[in-house]
Amino acid sequence: MAYIEFKNVIKEYKMGEITIKALDKTNFEIEKGELVVIVGPSGAGKTTTLNILGGMDNVTSGSVWVDGKEVSKLKNKELIRYRREDIGFVFQFYNLVQNLTALENVELATQICKDSLSPEEIMKKVGLKDRMKNFPSQLSGGEQQRVAIARAIAKNPKLLLCDEPTGALDYKTGKQILKLLQDTCRKENMTVVIITHNTAIAPMADKVIFFKNGKAEKIEKNENPISIEQIEW
Ligand SMILES: Nc1ncnc2c1ncn2[C@@H]1O[C@H](COP(=O)(O)OP(=O)(O)O)[C@@H](O)[C@H]1O
Ligand SMILES: [Mg+2]
């Protein structure tokens, strides 16, 4: 069994009379420590997939397995624990708490889980040793995203899920963020999933999943992924 298995997942949203099929029998597998990039047009079901993987949404049918646990069956306390302990989430617009410092944002996340890492150590790792006492509004977009990544990885999660993490950043800053995510995956042996619009970055990944119309339409394994620094677009 693979580390992550997404099996025949259907996700429907009912809106009054209308039913929207966000995922239509989606299947894929992810191995431990893999760097996975998910690409595809807007509305293809990418965010829905990430939310389901992260225990933030449920499936209509099908099953989702993470590290031998059937996540799609979890309820209440188990589901809360799964989100707290096993998942780190990074969003396009950072979602930091504005009236807490960078370091406090990271500490807040580590306080709710057991095997967390030292917030100060992680801040150093993401290159923010000297910005720990700054509030989000005093940081650039790229620095705020570094805080958000620090907050996610300080929980020492099994899975780091990133939904268009560079969507609000310029080219150079976005590339630095992708480098940080790639380094985190390689050095910490963390399983990392990145949603992006940018197909050019595919060569950095171990696996690329192409989404279309609610399906993982094509899955490519990449035996020789390259450093993001070698990719231009
Ligand atoms: N909470 C929701 N309620 C209703 N429809 C939704 C909801 N979330 C997503 N959808 C719909 O499901 C489809 C897939 O959305 P999404 O997963 O966000 O796509 P992507 O991230 O690939 O752009 C879209 O048609 C979207 O409008
Ligand atoms: Mg999306």
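Residues numbered from 1 in each chain as written. Chains lettered and ligands numbered in written order. Predicted model: local features only at pLDDT ≥ 70, side-chain atom pairs only at ≥ 80, totals over all residues. Heavy atoms only, no water.

What's the story with the overall build of the protein chain in this structure? I'm lost.
Counting secondary structure elements, the protein chain contains six helices and 10 strands. Over its C-alpha trace the protein chain gives a radius of gyration of 17 Å, about what one expects of a compact globule, namely 17 Å for 233 residues. Structurally, the protein chain occupies a C-alpha span of about 50 × 45 × 35 Å along its principal axes. By residue count, 51% of the 233 residues in the protein chain fall in the buried class. (Helix = DSSP H or I, 4+ residues; strand = E, 2+ residues; numbered from the N terminus. Rg over C-alpha atoms; globule rule 2.2 N^0.38 Å. Buried < 20%, exposed > 50% of the residue type's maximum accessible area, 1.4 Å probe, protein only.)

Help me out: how do you make sense of the environment of Lys-124 in this one?
Inspection of the secondary structure puts Lys-124 in helix α4 (residues 119–125). Judged by its relative accessible area of 41%, Lys-124 falls in the partly exposed class. Separated by 95 residues in the primary sequence, Lys-124 and Ile-219 have C-alpha atoms spaced 35 Å apart.

Honestly, the pattern of salt bridges in this entry has me stumped. Any pointers?
Pairing is possible between side chains that carry opposite charge, provided their charged atoms lie close to one another. Inspection of every chain in the model, using the stated rule, returns 21 salt bridges. Between Lys-179 and Asp-183 there is a salt bridge, and its shortest N-O distance comes to 2.8 Å. Residue Lys-179 and its partner Asp-183 are located together in helix α6 (residues 171–188), separated by four residues, close to a single helical turn. According to the relative accessible area criterion, Asp-183 is partly exposed, its value standing at 22%. For Lys-218, the salt bridge identified is with Glu-220, shortest N-O distance 3.5 Å. On the accessibility criterion, Glu-220 (37% relative accessible area) is partly exposed. (Salt bridge = Lys/Arg side-chain N within 4 Å of Asp/Glu carboxyl O.)

What am I meant to see in the site of ligand 1 here?
Ligand 1 sits among Tyr-13, Met-15, Ile-20, Ala-22, Pro-41, Ser-42, Gly-43, Ala-44, Gly-45, Lys-46, Thr-47 and Thr-48. The separation between an oxygen atom of ligand 1 and a polar main-chain atom of Ala-44 is 3.1 Å. Contacts to ligand 1 include Thr-47, whose side-chain N or O atom sits 2.8 Å from an oxygen atom. Protein contact buries 63% of the 560 Å² of open area that ligand 1 shows by itself. (Near = heavy atom within 4 Å. Polar contact = N/O pair within 3.5 Å; in protein donor to acceptor, adjacent residues only side chain to side chain. Areas by Shrake-Rupley, 256 points an atom, 1.4 Å probe, with all protein chains shown as cover.)

Teacher, can you tell me more about the packing of helix α5 (residues 141–153) against α6 here?
Each packed pair of helices is defined by two parameters, the angle between the axes and the distance between the axes. Packing of α5 against α6 leaves a shortest axis separation of 10 Å and a crossing angle of 15 degrees. As judged from the angle between their axes, α5 and α6 are roughly parallel. Here the hand of the crossing between α5 and α6 comes out right-handed. Of α6, the residues touching α5 (which contributes Gly-142, Gln-145, Arg-146, Ile-149 and Ile-153) are Thr-173, Gln-176, Ile-177, Leu-180, Leu-181 and Thr-184. Across the contact of α5 with α6, the residue classes break down as five nonpolar, five polar and one charged. (Axes fitted to C-alpha atoms, helices over the stretch in contact; angles between N-to-C directions. Parallel < 35°, antiparallel > 145°, perpendicular 65-115°, else oblique. Left-handed = near helix turned anticlockwise from the far one by under 90°. Contact = heavy atoms within 4.5 Å. Nonpolar A, V, L, I, M, F, W, Y, C, P; charged D, E, K, R; others polar.)

Would you take a moment to explain the sheet that holds strand β5 (residues 69–70) for this structure?
Picture the strands of a sheet paired through backbone hydrogen bonds; they go either parallel or antiparallel. Spatial strand order, β2-β1-β4-β5: four strands in an open sheet with antiparallel pairing. Edge positions in the sheet fall to β2 (18–30) and β5, since each has one partner strand and no second. Strands β1 (4–15), β2 and β4 (61–66) of the sheet are contacted by helix α1 (residues 46–53), whose axis makes an angle of about 115 degrees with β1. (Pairing = 2+ DSSP bridges.)

What is the right way to read α1 from this model?
Residues spaced three or four apart along an α-helix face the same direction, because each turn holds 3.6 residues. The buried count for α1 comes to seven of eight residues, which makes it a mostly enclosed element. Gly-55 lies just past α1 and shows a positive phi near 70 degrees.

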